[in-house]
Amino acid sequence: MRVIAELPHPDCKITLFQMNQKYIIKFEQGSLEQSYKLAELDLTGGGVNEVFQILDDEFIKTVTDRFKLMRGDFSAAYNRQQY
C-alpha cells in the first residue's frame, strides 16, 4: 500500500492510498478512523483527481458527523463497563 496524497482538513486527517487496483480513502480523528475503498475500474478514467472530486464538502461533513456518533457510541460502551 502506498500513500498517494494527504489532504489538509481542519477536522480530520485525510489520506489517500493505492493498493491492488483500489484507492483507499482513510479519515482519522483522534483514535477513530473510517476507510472507504474504491476500485480503479469504478472510475471513468480521471484517476486521483476523480477521487478528489468525490471528497466534496458535503461528503466530508457526513464523515465528521459520523465521527461524533462513533465517539458517542464508544464512550457509552466504555462507560457501561465502568463500575
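Use the structure listed above.
We now turn to the structure provided with this report. Worth saying up front: this structure is predicted, and the values here are computed from it rather than measured. (Residues numbered from 1 in each chain as written. Predicted model: local features only at pLDDT ≥ 70, side-chain atom pairs only at ≥ 80, totals over all residues. Heavy atoms only, no water.)

## Looking at helix α2 (residues 57-80)
What counts, and what does not: Note on conventions: DSSP H or I runs of at least 4 residues are helices, E runs of at least 2 residues are strands, and numbering of each starts at the N terminus. Here a helix's expected span is defined as the number of its residues, less one, multiplied by 1.5 Å. Burial status follows relative accessibility: with a 1.4 Å probe on protein chains alone, a residue under 20% of its type maximum counts as buried, one over 50% as exposed, and anything between as partly exposed. Contacts: residue pairs with any heavy atoms within 4.5 Å of one another.
End to end, α2 covers 35 Å across 24 residues, agreeing with the expected 34 Å (1.5 Å per residue, within 8%). Listed as buried for α2 are I60, V63, T64 and F67. Lining the buried residues of α2 we find β2 (13-19), β3 (22-29) and β4 (32-39).

## A closer look at unusual backbone geometry
One non-glycine residue, N20, lies in the positive phi region at around 50 degrees. On the secondary structure map, N20 appears in the loop between β2 and β3. The backbone of Q21 sits at a positive phi, close to 60 degrees, despite the residue not being glycine. Looking at the secondary structure, you find Q21 in the loop between β2 and β3. On the accessibility criterion, Q21 (58% relative accessible area) is exposed.

## A word on the pattern of salt bridges
Heads up, the condition is: By convention in these notes, a salt bridge is any Lys or Arg side-chain nitrogen within 4 Å of a carboxyl oxygen on Asp or Glu.
This structure, assessed with the given rule, holds four salt bridges. For K26, the salt bridge identified is with E28, shortest N-O distance 4.0 Å. Of the residues examined, K26 reaches a relative accessible area of 19% and is grouped as buried. The exposure class assigned to E28 is partly exposed, which follows from its relative accessible area of 23%. In this structure, K26 engages E33 in a salt bridge whose closest nitrogen and oxygen atoms are separated by 3.9 Å. Each member of the salt-bridge network shares a partner with another, and the members are K26, E28 and E33.

## Some details on the nonpolar core
We count it as follows: Each nonpolar core is a collection of buried residues, namely Ala, Val, Leu, Ile, Met, Phe, Trp, Tyr and Cys, held together in the definition by side-chain atoms within 4.5 Å.
Among the nonpolar cores identified, the biggest contains 15 residues, and I14, L16, I25, F27, V51, L55 and F67 are the most heavily contacted of them. When contributions to this core are tallied by element, the ones reaching two or more residues are β2, β3, β4 and α2. Setting aside its immediate chain neighbours within four residues, I14 contacts A5, E6, L7, H9, I25, K26, F27, L55 and I60.

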